[in-house]
Amino acid sequence: MVSMASSPPAGAAEIERRPPEPEGRVPRAALGLLGLQHVLVMYAGAVAIPLIIGRALKLPPEQVAMLVSADLFACGIVTLIQSWGLPGIGIRMPVMMGVTFAAVGPMLSMGVNPAIGLTGIYGAVIASGLFGLLAAPLIGRLLPLFPPVVTGTIILVIGISLMRVGVNWAAGGVGNPNYGAPLYLGIAAFVLCAILAITRYATGFVASASVLIGIALGMVLAGLAGLVELDRVAAAPWFDIVRAFAFGWPTFDPVSIVTLCLVMIVVMIESTGMFLALSQITADPVDETRLTRGLRADGLGTVIGGVFNTFPYTSFSQNIGLVGVTGVRSRWVTVAAGFIMLGLGLVPKLAALVEAVPQCVLGGAGLVMFGMVGATGTRILGGVDFARNRNNLFVVAVSVGFGMIPLVAPNFFKQMPHALHPLLESGILLAAISAVGLNLFFNGFGDRAASREAAIRQAEVAQAH
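Please read all numbers here as calculations on a predicted model, not as lab measurements.

Chemist: I'm lost on the overall build of the protein in this one. Help?
Modeler: Summing up its helical and strand segments, the protein has 21 helices and two strands in all. Accessible surface for the protein amounts to roughly 17,800 Å². Of this, 67% is attributable to carbon and sulfur atoms.

Here's what the structure looks like:
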């Protein structure tokens, strides 16, 4: 949803200064380089969610690494579907696809419920993807339900909800007997400072990849401190296939399915804004038919995610911003990136290396990644008219309050029916339902054309982070 790698190869700066390339005119020799840029910009964000889910559910390291491989593999497949296209599916523009942060909270609530678990998560993911395929033609009509006051609030709550993960990582991880040790906090602070320094003093692609570069530097420091164990990396094979339903056949819990279907609506609304903004960057018009094809790719990608042991997919905003940075608007660049991601997913040794990154290193990066999600929501809210429409204050205030309930009072809904917990224990969904309902109550159903313009502006804000 709202993702972040080594120095650019020789010639990258020259590529960044070139004017936009017409569709299909990128030299073949440059496709791999440009595709690699897209992969490196999104890589940290792409692997963050399998690490969050796997470690929160206390999966063995080998299974966490498998989640990482599955995520990269599915990222490649879904990016190819979106950029290259299938009949009736795929927007055929330079779009990179990755797992959305919006689904993290609900999936964690499902995963810790013994009656649901991972198989229940994957059942809900598959069902929500099928829902996305069917609902794609209708999403454009729902845009008036998601003006900036609603989407800004939802994205703000997503960022705040994820910050708990980043903070716990920085202290060494929940359950660590040395939780909060100065060594952990020092390494997390080093990673954070490295990312900030790269962002401040670097430009272009290097600045865009600051989070991945910071993680690499932190990994080196943690290794010198004796915190990195590479035995599992050495034991992992160089090549292996990603197996469908590796955790068993999916199970289908009705409330979990409804919960992720609601998440899917939010994800597809955000994707709509991304596609419209990309249309302006590339000067490539997007009509309703083409928009529907792009949203169907979100749905099909989510089905594929459930089959291959990963999660719901959406377009990554940083990569859309990279299209503007490089001036290269050919979809064949992201097709090349899709093949790279596909290949990376077939290298278990690389996934084992990602799993071996100490949590304190990830914590320094997580504070930036997750904080930027929240900051994006704040920037979107900055464009909301609070002076002439004070009712918008109530939409934000009450919705953020609802979103904080699972964070500050985890037992708040303890007496409610157990089946409703996947919905009630997700601050993101509580905030979304509250914001949509209150906006309808105070402001009514907005104008569709104005909503389309607002979606473009929101997507441009998201790219900038």
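Chemist: Could you clarify how one ought to interpret the environment of N439 in this entry?
Modeler: Here N439 shows up in helix α20 (residues 427-443). For N439, a relative accessible area of 3% puts it in the buried group. Each C-alpha atom, one on N439 and one on V150, is 7.2 Å from the other, the two residues being 289 residues apart in sequence. Ignoring sequence-local partners within four residues, the contact set of N439 consists of P144, L145, P147, V149, V150, V395 and G444.

Chemist: Where do I start with unusual backbone geometry in this structure?
Modeler: As a rule of thumb, non-glycine residues mostly have phi less than zero, and peptide bonds are mostly trans rather than cis. Of note, F245 is a non-glycine position whose phi angle comes to about 50 degrees, a positive value. In the Ramachandran plot, N309 falls in the positive-phi region, its phi being about 65 degrees despite a non-glycine side chain. Mapped onto the secondary structure, N309 falls in the loop between α13 (288-307) and β2 (313-315). Taking the relative accessible area as the measure of exposure, N309 reaches 2% and is therefore buried.

Chemist: What am I meant to see in the packing of helix α7 (residues 148-170) against α20 here?
Modeler: For any two helices packed against each other, one specifies the crossing angle of their axes together with the interaxial distance. It is the contact of α7 with α20, at a shortest axis distance of 9 Å, that shows an interaxial angle of 165 degrees. Viewed along their axes, α7 and α20 adopt a mutual orientation that is roughly antiparallel. Regarding α7 and α20, the two cross each other, and that crossing is right-handed. Counted together, V149, V150, I154, V157, I158 and S161 of α7 and G427, I428, A431, A432, A435, V436 and N439 of α20 form the full contact between these two elements. Classifying every residue of the contact of α7 with α20 by side-chain character gives 10 nonpolar, three polar and no charged.

Chemist: When you look at helix α12 (residues 254-282) in this model, what are you seeing that I'm missing?
Modeler: Three- or four-residue spacings in an α-helix give side chains the same orientation, since the helix completes a turn every 3.6 residues. Over its 29 residues, α12 extends 41 Å from the first C-alpha to the last, a length consistent with the 42 Å expected when each residue adds 1.5 Å. Along α12, 24 of the 29 residues are buried, which leaves the element largely enclosed by surrounding structure. Just past α12, the residue A283 takes up positive phi, approximately 55 degrees.

Chemist: Would you take a moment to explain the nonpolar core for this structure?
Modeler: If you look at soluble globular proteins, the nonpolar side chains tend to sit buried side by side. Formed by 127 residues in total, the largest nonpolar core has its most connected members in F101, I121, F146 and F311. Per element, the largest residue contribution to this core is 14 residues, and it comes from α12. Counting 13 residues, the second largest nonpolar core, distinct from the first, contains F73, L80, V242 and L300.

Chemist: Before we go on, may I ask you to explain a nonpolar patch on the surface in this structure?
Modeler: A surface patch of nonpolar side chains, about 460 Å² in accessible area, is lined by F190, L217, V220, L221 and L224. When residues of the nonpolar patch are assigned to their parent elements, the largest contribution, four residues, is made by helix α10 (residues 210-224). Tracing the chain through its elements places L224 in helix α10.

Chemist: Even after reading the chapter, I still don't get the confidence of the model for the protein, so can you show me in this structure?
Modeler: Regions with low pLDDT carry predicted coordinates that are not meant to be interpreted in detail. Confidence in the prediction of the protein, expressed as mean pLDDT, is 86, and 90% of residues score 70 or more. Of all helices and strands in the protein, the one with the weakest mean pLDDT is helix α1 (residues 12-17) (40), whereas helix α5 (residues 117-135) scores best (95). The low-confidence segment residues 1-22, where pLDDT is below 50, has 71 contacts with residues more than four positions distant or belonging to other chains.

Chemist: Help me understand the environment of L430, please; the structure alone is not making it clear to me.
Modeler: With respect to the element layout, L430 can be found in helix α20. Residue L430 is classed as buried on the basis of its relative accessible area, which comes to 11%. The spacing of L430 and V157 is 273 residues in sequence and 9.7 Å in space, taken between C-alpha atoms. Once residues within four sequence positions are removed from consideration, L430 is found in contact with F402, P406, F413, L423 and L424.

Chemist: Looking at this structure, I do not really get the packing of aromatic side chains. What am I missing?
Modeler: By convention here, two paired aromatic rings are described through the distance between centres and the angle between planes. Inspection of every chain in the model, using the stated rule, returns 11 aromatic pairs. Each ring, one from W84 and one from F339, has its centre 6.0 Å from the other, and the planes form 70 degrees; the classification is edge-to-face. Of the two residues, W84 sits in the loop between α3 (61-83) and β1 (97-99) while F339 sits in helix α15 (residues 331-344), which places them 255 residues apart along the sequence. What makes F339 partly exposed here is its relative accessible area of 42%. Between Y122 and F247 the ring centres are 6.1 Å apart and the planes differ by 35 degrees, which places this aromatic pair in the tilted class. You can see Y122 sitting in helix α5 and its partner F247 sitting in the loop between α11 (231-235) and α12, a full 125 residues away along the chain.

Here is what the cut-offs are and how they apply
Residues numbered from 1 in each chain as written. Predicted model: local features only at pLDDT ≥ 70, side-chain atom pairs only at ≥ 80, totals over all residues. Heavy atoms only, no water. Helix = DSSP H or I, 4+ residues; strand = E, 2+ residues; numbered from the N terminus. Areas by Shrake-Rupley, 256 points an atom, 1.4 Å probe, with all protein chains shown as cover. Buried < 20%, exposed > 50% of the residue type's maximum accessible area, 1.4 Å probe, protein only. Contact = heavy atoms within 4.5 Å. Axes fitted to C-alpha atoms, helices over the stretch in contact; angles between N-to-C directions. Parallel < 35°, antiparallel > 145°, perpendicular 65-115°, else oblique. Left-handed = near helix turned anticlockwise from the far one by under 90°. Nonpolar A, V, L, I, M, F, W, Y, C, P; charged D, E, K, R; others polar. Expected span 1.5 Å × (residues − 1). Core = buried A, V, L, I, M, F, W, Y, C linked by side-chain atoms within 4.5 Å. Patch = residues over 30% accessible without salt bridge, like charges linked within 9 Å, V, L, I, M, F, W, Y side chains within 5 Å. Salt bridge = Lys/Arg side-chain N within 4 Å of Asp/Glu carboxyl O. pLDDT = per-residue confidence, 0-100. Phe/Tyr/Trp six-rings, centres within 6.5 Å; stacked < 30°, edge-to-face > 60°.

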